[in-house]
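Geometric and topological summary
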Amino acid sequence: MSKVKFITTQFLKENTTIQDNVDDDFLVPFIYKSQDTHLQQVLGTSFYDRLKEGVINDDLDTDETALINDYIQNMVAEWTLYEVLPHINYKLTNKAISKESSEWSVNSELNELKFLMDRVRDMAEFYTKRLQVYLCDYSTLFPKYNNPDDNENLKRSNAAYFNGVYIPNRVPKDKYHKR
């Protein structure tokens, strides 16, 4: 399937703290990454692919258009900012990975970057939860969300927040259960 961006770099710059002087070509791969990893996880592959096809074929219905404009675009913008933050200060070339600097600026410290990323992730998680609640409340408007294909590549997830601790589901180990 062709690549589709649900946001433009102009939308990204207007709705986040990314400055206009950041090269659009630098930002585009992070838009795709955010959509593939964060958005697809919320929508599930079937509905995600349906929306991409709808953009390509220009056959989105009004509910799908509203979903993209009112919910998806803000979420993708915040996750793109989150994904781009660690990389925006570095330049990868065939000779080295170099740290960009300016005559009138000071590079951020790692703890400052972590703080900023945490704040951006909080906002991205808010928009993710907002999208999930909307989809649950109005799921009947979106048949591919309610009835994904049998060969769903990535099933949708209802987890919007990550607190840094992962506790796997475990079967109790006792005399009746073997692992």
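What you see is a predicted model; the values in this text were computed from it and never measured.

With that settled, the discussion passes to the overall build of the protein chain. A count of helices and strands for the protein chain gives 6 helices and 2 strands. In sequence order, the secondary structure elements of the protein chain are arranged as α-α-α-α-β-β-α-α. Buried positions account for 36% of the 179 residues belonging to the protein chain. Across the protein chain, the fraction of contacts at a sequence separation of at least 24, relative to all contacts at a separation of at least 6, is 70%. A total of about 12,100 Å² of accessible surface is found on the protein chain, and carbon and sulfur atoms cover 49% of it.

A separate point is the environment of Thr-80. Position of Thr-80 relative to the elements: it lies in helix α4 (residues 62-84). Overall, Thr-80 belongs to the buried group, its relative accessible area being 0%. Linking Thr-80 and Phe-30, residues 50 residues apart in sequence, is a C-alpha distance of 5.6 Å. Thr-80 has contacts with Ile-7, Leu-12, Phe-30, Ile-31 and Ser-34, leaving out every residue within four places of it along the chain. A distance of 2.7 Å separates a polar side-chain atom of Thr-80 from the backbone oxygen of Val-76.

Within the structure shown, the criterion is met by 9 aromatic pairs. Relative to Tyr-145, the ring of Phe-47 lies with its centre 6.0 Å away and its plane at 65°, an arrangement referred to as edge-to-face. Taken together, the residues Phe-47 in helix α3 (residues 45-57) and Tyr-145 in helix α6 (residues 143-146) connect sequence positions 98 residues apart. Each member of the pair Phe-47 and Tyr-145 is classed as buried. Through a chain of ring-to-ring contacts, three or more aromatic side chains come together here, namely Phe-47, Tyr-71, Tyr-134, Tyr-138, Phe-142 and Tyr-145.

Moving on to the nonpolar core. Counting residues in hydrophobic clusters, the biggest one holds 36 residues, and the most contacted among them are Leu-39, Leu-43, Leu-67, Ile-72, Leu-131 and Leu-135. Elements with a minimum of two residues in this core: α1 (9-15), α2 (24-43), α3, α4 and α5 (110-137). With 11 residues, α4 is the single largest residue contributor to this core. With residues near it in sequence (within four places) discarded, Leu-67 still touches Phe-47, Leu-51, Ile-72, Leu-131, Tyr-134, Leu-135 and Phe-142.

A few words now on the packing of α2 against α3. Orientation of α2 relative to α3, taken along the N-to-C sense of each, is 115°, at an axis distance of 7 Å. Comparing their axes, α3 and α2 come out roughly perpendicular. Two packed elements cross with a definite hand, and for α2 against α3 that hand is right-handed. Across the interface between the two elements, Gln-35, Asp-36, Leu-39, Gln-40 and Leu-43 from α2 touch Thr-45, Phe-47, Tyr-48 and Leu-51 from α3. Partitioned by chemical class, the residues of the contact of α2 with α3 number 5 nonpolar, 3 polar and 1 charged.

Side chains of Tyr-90, Leu-92 and Ile-97 sit close together on the surface and give an oily, nonpolar patch of about 350 Å² of accessible area. One can find Tyr-90 in strand β1 (residues 90-92). We classify Tyr-90 as partly exposed; its relative accessible area is 36%.

So, about the packing of α2 against α5. Their axes nearest at 10 Å, the elements α2 and α5 cross at an angle of 25°. Relative to α5, α2 is oriented roughly parallel. Relative to α5, the crossing made by α2 is right-handed. Each of Leu-39, Val-42 and Leu-43 in α2 lies in contact with α5, whose residues at this interface are Thr-128, Leu-131, Gln-132 and Leu-135. A class-by-class count of the residues in the contact of α2 with α5 yields 5 nonpolar, 2 polar and no charged.

Here we take up the confidence of the model for the protein chain. The pLDDT averaged across the protein chain works out to 85; a share of 78% of its residues lies at or above 70. Within the protein chain, the element-level pLDDT minimum falls on strand β2 (residues 97-99), averaging 71, and the maximum on α1, averaging 98.

About the thresholds
Residues numbered from 1 in each chain as written. Predicted model: local features only at pLDDT ≥ 70, side-chain atom pairs only at ≥ 80, totals over all residues. Heavy atoms only, no water. Helix = DSSP H or I, 4+ residues; strand = E, 2+ residues; numbered from the N terminus. Buried < 20%, exposed > 50% of the residue type's maximum accessible area, 1.4 Å probe, protein only. Contact = heavy atoms within 4.5 Å. Areas by Shrake-Rupley, 256 points an atom, 1.4 Å probe, with all protein chains shown as cover. Polar contact = N/O pair within 3.5 Å; in protein donor to acceptor, adjacent residues only side chain to side chain. Phe/Tyr/Trp six-rings, centres within 6.5 Å; stacked < 30°, edge-to-face > 60°. Core = buried A, V, L, I, M, F, W, Y, C linked by side-chain atoms within 4.5 Å. Axes fitted to C-alpha atoms, helices over the stretch in contact; angles between N-to-C directions. Parallel < 35°, antiparallel > 145°, perpendicular 65-115°, else oblique. Left-handed = near helix turned anticlockwise from the far one by under 90°. Nonpolar A, V, L, I, M, F, W, Y, C, P; charged D, E, K, R; others polar. Patch = residues over 30% accessible without salt bridge, like charges linked within 9 Å, V, L, I, M, F, W, Y side chains within 5 Å. Salt bridge = Lys/Arg side-chain N within 4 Å of Asp/Glu carboxyl O. pLDDT = per-residue confidence, 0-100.

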